[in-house]
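Spelled out, the chains give:
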Amino acid sequence: QVQLVESGGGLVQAGGSLRLSCAASGRTFSTYAMAWFRQAPGKEREFVAQITWNYNSTYYADSVKGRFTLSKDNAKNTVYLQMNNLNTEDTAVYYCAATHNTVLSILPRMYDSWGQGTQVTVSS
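The paragraphs below set out a description of the structure included in this document.

Thresholds applied
Residues numbered from 1 in each chain as written. Predicted model: local features only at pLDDT ≥ 70, side-chain atom pairs only at ≥ 80, totals over all residues. Heavy atoms only, no water. Helix = DSSP H or I, 4+ residues; strand = E, 2+ residues; numbered from the N terminus. Disulfide = S-S within 2.5 Å. Core = buried A, V, L, I, M, F, W, Y, C linked by side-chain atoms within 4.5 Å. Buried < 20%, exposed > 50% of the residue type's maximum accessible area, 1.4 Å probe, protein only. Contact = heavy atoms within 4.5 Å.

Attention shifts here to unusual backbone geometry. Excluding glycine, residues mostly carry a negative phi; peptide bonds, for their part, are mostly trans. Although it is not a glycine, Asn56 adopts a positive phi angle of roughly 60 degrees. Within the element layout of this structure, Asn56 appears in the loop between strand E5 (46–52) and strand E6 (58–60). Here Asn77, not a glycine, exhibits a phi torsion of approximately 50 degrees, which is positive. With respect to the helices, strands and loops of the structure, Asn77 is situated in the loop between strand E7 (68–73) and strand E8 (78–83).

Per the counting criterion, the structure on display carries one disulfide. Here Cys22 engages in a disulfide with Cys96; their sulfurs sit 2.0 Å apart. On the sign convention where negative means left-handed, the S-S torsion of about -85 degrees between Cys22 and Cys96 marks this disulfide as left-handed. On the criterion of sequence distance, the pair formed by Cys22 in strand E3 (residues 18–26) and Cys96 in strand E9 (residues 92–99) is long-range, its members being 74 residues apart.

A few words on the nonpolar core. Formed by 34 residues in total, the largest nonpolar core has its most connected members in Met34, Trp36, Leu81, Met83 and Tyr94. When contributions to this core are tallied by element, the ones reaching two or more residues are strand E1 (2–7), E3, strand E4 (33–39), E5, E7, E8, E9 and strand E11 (118–123). Counting residues per element, this core draws most heavily on E9, which supplies five residues. Excluding residues that lie within four positions of it along the chain, Tyr94 makes contacts with Glu6, Leu20, Trp36, Phe37, Arg38, Val48, Phe68, Leu81, Met83, Gly117, Thr118 and Val120.

If you want it as structure tokens, here you go:
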């Protein structure tokens, strides 16, 4: 129902920063929240951060608190993930997701729209 396109991934050294973007299109009026997930090689997909579209409330995984910051541009239907002080454990494919469900969850299966993913690689 909602189309999502991520961008901004790349290769950085530990301690560096990146800003990921997620542009939404389609039936965005039904979106309640958007989130970022990541999946490292050989590991399960894990929750990173979440933001509600209308109320702008945010929730972060413990592993990224104080380092990652969510923001959004309502006019552009775009969510941004500013990632600072990156370390090698942040290396993963990062996925943007959207949900119409008003009951917020960190479970991937509760999100019904997904982007294609963008690679973030952090070298030591």
